[in-house]
Amino acid sequence: MKKRFLAIAIAAGLTSPLAAQADATVYGIVHMSVGTQDTGTSGVDNWTVESHASRLGVKGSEDLGDGLSAVYKLEYGVNPDGNGADDDGITRRNQYVGLKGGFGEVRVGRHDTPLKMAQGKFDQFNDTKADIQGTLSISQGENRVDNAIAYINKFGDITLGVALVPGEGNGTTGGDGPADTTSIAAMYSAGPVFASLAMDSYDDTGAAAGQTDGLMRLVATYTMGKMQFGFLMENESANGGVAEKDVMGLSFGMGMGKNKAKFQYMTGDDDAIETTQMSVGYDVGLSKRSTAYVMYTDGDSENTAGTTTAEYTALRVGVQHKF
Amino acid sequence: MKKRFLAIAIAAGLTSPLAAQADATVYGIVHMSVGTQDTGTSGVDNWTVESHASRLGVKGSEDLGDGLSAVYKLEYGVNPDGNGADDDGITRRNQYVGLKGGFGEVRVGRHDTPLKMAQGKFDQFNDTKADIQGTLSISQGENRVDNAIAYINKFGDITLGVALVPGEGNGTTGGDGPADTTSIAAMYSAGPVFASLAMDSYDDTGAAAGQTDGLMRLVATYTMGKMQFGFLMENESANGGVAEKDVMGLSFGMGMGKNKAKFQYMTGDDDAIETTQMSVGYDVGLSKRSTAYVMYTDGDSENTAGTTTAEYTALRVGVQHKF
Amino acid sequence: MKKRFLAIAIAAGLTSPLAAQADATVYGIVHMSVGTQDTGTSGVDNWTVESHASRLGVKGSEDLGDGLSAVYKLEYGVNPDGNGADDDGITRRNQYVGLKGGFGEVRVGRHDTPLKMAQGKFDQFNDTKADIQGTLSISQGENRVDNAIAYINKFGDITLGVALVPGEGNGTTGGDGPADTTSIAAMYSAGPVFASLAMDSYDDTGAAAGQTDGLMRLVATYTMGKMQFGFLMENESANGGVAEKDVMGLSFGMGMGKNKAKFQYMTGDDDAIETTQMSVGYDVGLSKRSTAYVMYTDGDSENTAGTTTAEYTALRVGVQHKF
């Protein structure tokens, strides 16, 4: 699926390709959808063309001997739909250099937090209009952070991820230590079962008042034949002006040959507003790298008096191609 | 000319390269010129170094079986000369994902309008200082648009291109339908003859007053031995405060071994200002991928009283390299 | 070390790889460090994660026959640590198209000045926190400029570099000629000796008052067994409100197997402030492409009364990987 540039050594001498040192891989995803969305307030179905988490990256590794290897990734978000300050559509995704060995793997740079990684394959609508990260901001903790010093290792069936993030606040806002923010996750995977527990902790010394100082996430998925059941639970700590918030999600997917029917329900409650989102979709597998789909998502926010404060529906037809 | 990354499959197993699924192609153009330009008003020959439509892209396709294939392109304008909000020089060009089959090809993303594509090979100074798109804004319709849903198919000698563009105006400015702007072109190509007819139609519901609501373009080129003759005609509709505008162009090129002498004349008239541009050039073919050239262009705007309102001349020496 | 894409020709026909025309090379460096820095005034050790001159580029050349070839490079600075107007971290580095032949090499675009190139391998802390370009702005002349018309040729042991840079000021600021700024360098390299002399000259017609109009640099390095000794000297001309400034530097490196111990001392004096920077470091060679290191740098600025006006220390552990 991933293409690797063959070292010129191969070209020049037809030496064994397996001995090729070079292994820079150019990879990416182009994912566009067409459809309507209705924010309720405007009362119209607005037709849009959108890009969803399209990306382009270069990655690779080098065998350093003695079981040690150097790894790197430079991944960019791209946006055929346009956005951003200068409209080139380019944003930074995971970008790091690291070392890997018997001790595990250390990566330094911009990286998904372990809490984000802990979602596993819960999200049936990952990287679509109904991604748990996106619509209605139901979800929390879907963070990718600069200045991460991440450690990842596997102990039997458990993968451990830890990220230390300096606040770089120079003694004022954000702290000046090596671990002002931390994110930690333990992910268990064996046979049909995946389960993870993760925690973010923010040292809000000097931070703007009203920021949560912590987050917890629990995820479990279970595979039974062609079906996958998923469960997600989160709790945001109250802190200063920030209310405690609870998030809960259920997901379900059922393979049908190369295709898949899927369903997802997310709900969040911060004691003032209760938000729910329900999504259904059908994926058509064109190949291992290409998928077409149709999906519908419906979001709704209510206050404690039961009055609707926000509404959102979207019907999308999309194509996602990985290279 | 285009390089393709060989799938790791080849590296790993020396399976037949022809069976390689992966075909991401990195390609581009670096095109720089050195020379003088004089805007008339300043009265000086200002020496400049410039980049002309230099670009860098990744593209590819995947055979999905049954005559169906997935296609994608992520092309960026690059600018060794610098520009843009954050001076990285990067802009978005054609960027899309699509499906191709017996029914034709559908592409979704950012794309040249069919009306732009209808220019064929008329423009002898394409991607230079005298591109019909550029100097003195003589030309219209040279648009690349976001949110395009484009359809391209071939019927015998005729290629049909249609683009539907949602206004994404959410019921206010720009419309909220799936086809608030449309561009359509029919291009005939047989033997020495190329001829095309194209039309843009803008639904200006809610648009800023004073925008044209339509554009028509007619192009024809004829090849006789080493010579090519070209003709282009355009009409912009009057609408609100916008005057009708007519554009006409003639182009001529004559191959001389690997080199080419060329000439172009463009004129536009909106009843208030008449603009003309005359360009001559000589290309030196260094290879199929590399060209050096020298060119001169002279532009002139006059009002109805015959008074010159703007002047422009440029003498450029350039090198263009494709990879 | 550099990977080349093999031409599709190889894939399709297994023709001789050596005959492949295409040679676009994707290359880059990912270089991150973790550590503390203390600006003295804040009185704290601020932990940071930083990227140092990380980059990603495409380059290549084409044989045009008769000893002539076309060359190009599109190199971007990338920043896993984030920065810039739109935070994509992307900046332009050397980007040009050129022609190479018996006459030497001409490159047009964005390019290091020959004076910058004249540093040779003096800088033991090149592309780190203690790069002569960076900390405390001790150094001058480390310029990469737009609009460069550069000429590079080798005469025996001497490499000559000349860059002409139009001011593009259109008759007002910055000049309008083809060589408003020039940079020229002569670099001698034979056996253990490298020595260079370089000069920048700025035509400040119309420039903001208080800009120097010239710079001179002298560099020498000498290799003795596993040791390298380096010497650098610079002088900035006084002009208008700008004081004359002198810079002097000494560097030393000693190979120890695959590792290297290194030391550097830089000092600058503009008659008002005297700045010094001292750096020590130890590189661990992981492979030809990967290096880990630890380094410490200490900078200090004093006025003529002997009062410290600025202080700076940094202790960094880093990994640099080239691909």
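Residues numbered from 1 in each chain as written. Chains lettered and ligands numbered in written order. Predicted model: local features only at pLDDT ≥ 70, side-chain atom pairs only at ≥ 80, totals over all residues. Heavy atoms only, no water.

Student: Run through the overall build of chain A, naming residues and quoting values.
Tutor: Each helix and strand in chain A was counted, giving two helices and 18 strands. A buried classification covers 51% of the 323 residues belonging to chain A. Summed over all atoms, the accessible surface of chain A reaches about 13,300 Å², with 57% contributed by carbon and sulfur. (Helix = DSSP H or I, 4+ residues; strand = E, 2+ residues; numbered from the N terminus. Buried < 20%, exposed > 50% of the residue type's maximum accessible area, 1.4 Å probe, protein only. Areas by Shrake-Rupley, 256 points an atom, 1.4 Å probe, with all protein chains shown as cover.)

Student: Please provide a residue-by-residue account of the packing of aromatic side chains, values included.
Tutor: Following the criterion strictly, the structure yields six aromatic pairs over all chains and no others. With a centroid separation of 4.3 Å and 15 degrees between ring planes, the pair formed by Tyr-72 of chain A and Phe-323 of chain C is classed as stacked. One end of the pair, Tyr-72 of chain A, is in strand S5 (residues 68–77); the other, Phe-323 of chain C, is in the segment after strand S18 (308–322), on a second chain. Take Tyr-72 of chain A and Phe-323 of chain C: they sit in the same class, and that class is buried. Arranged with centres 5.3 Å apart and planes meeting at 45 degrees, the rings of Phe-229 of chain A and Phe-252 of chain A form a pair that is tilted. Of the two residues, Phe-229 of chain A is situated in strand S13 (residues 227–236) and Phe-252 of chain A in strand S14 (residues 245–256); the sequence distance between them amounts to 23 residues. The class of Phe-229 of chain A is partly exposed, set by a relative accessible area of 36%. (Phe/Tyr/Trp six-rings, centres within 6.5 Å; stacked < 30°, edge-to-face > 60°.)

Student: Account for the pairing of strand S8 (residues 144–155) of chain B, naming residues and giving values.
Tutor: All names here are of chain B. As judged from the seven bridges shared by strand S7 (residues 104–112) and S8, these two strands associate in the antiparallel manner. Note on S8: the bridge partner recorded for Glu-105 is Ile-152. Bridge count for S8 against strand S9 (residues 158–165) is seven bridges, and the pairing is antiparallel. Counted as the bridge partner of Asn-153 is Leu-160 from S9. The turn joining S8 and S9, which pair antiparallel and follow one another in sequence, is formed by two residues; a positive phi near 60 degrees is taken by Gly-156. (Pairing = 2+ DSSP bridges.)

Student: Kindly report on the pairing of strand S18 (residues 308–322) of chain B, identifying the contributing residues and their values.
Tutor: All names here are of chain B. Bridge count between strand S2 (residues 25–38) and S18: ten bridges; the pairing is antiparallel. Paired with Thr-36 across the two strands is Leu-315, which belongs to S18. Relative to S18, strand S17 (residues 290–303) runs antiparallel, the two sharing 13 bridges. Pairing of Tyr-296 across the sheet is with Leu-315, part of S18.

Student: Pulling in residues and values, what's your account of a nonpolar patch on the surface?
Tutor: Residues and elements named next belong to chain A. A grouping of Met-254, Met-256, Phe-263, Met-278, Val-280, Tyr-282, Val-284, Val-294, Tyr-296, Leu-315 and Val-317 is seen on the molecular surface, where their side chains present a nonpolar patch of about 860 Å² in accessible area. Those elements that place two or more of their residues in the nonpolar patch are S14, strand S16 (273–285), strand S17 (290–303) and strand S18 (308–322). Of the residues forming the nonpolar patch, the biggest block, four residues, is contributed by S16. (Patch = residues over 30% accessible without salt bridge, like charges linked within 9 Å, V, L, I, M, F, W, Y side chains within 5 Å. Salt bridge = Lys/Arg side-chain N within 4 Å of Asp/Glu carboxyl O.)

Student: Run through a negative patch on the surface, naming residues and quoting values.
Tutor: Residues and elements named next belong to chain C. A contiguous patch of negative charge, built from Glu-244, Asp-246, Asp-269, Asp-271, Glu-274 and Glu-302, is present on the exposed surface. With respect to the element layout, Glu-274 can be found in strand S16 (residues 273–285). Classification of Glu-274 by relative accessible area gives partly exposed; the value is 39%. (Lys, Arg positive; Asp, Glu negative; His and termini not counted. Charge placed at Lys NZ, Arg CZ, Asp CG, Glu CD.)

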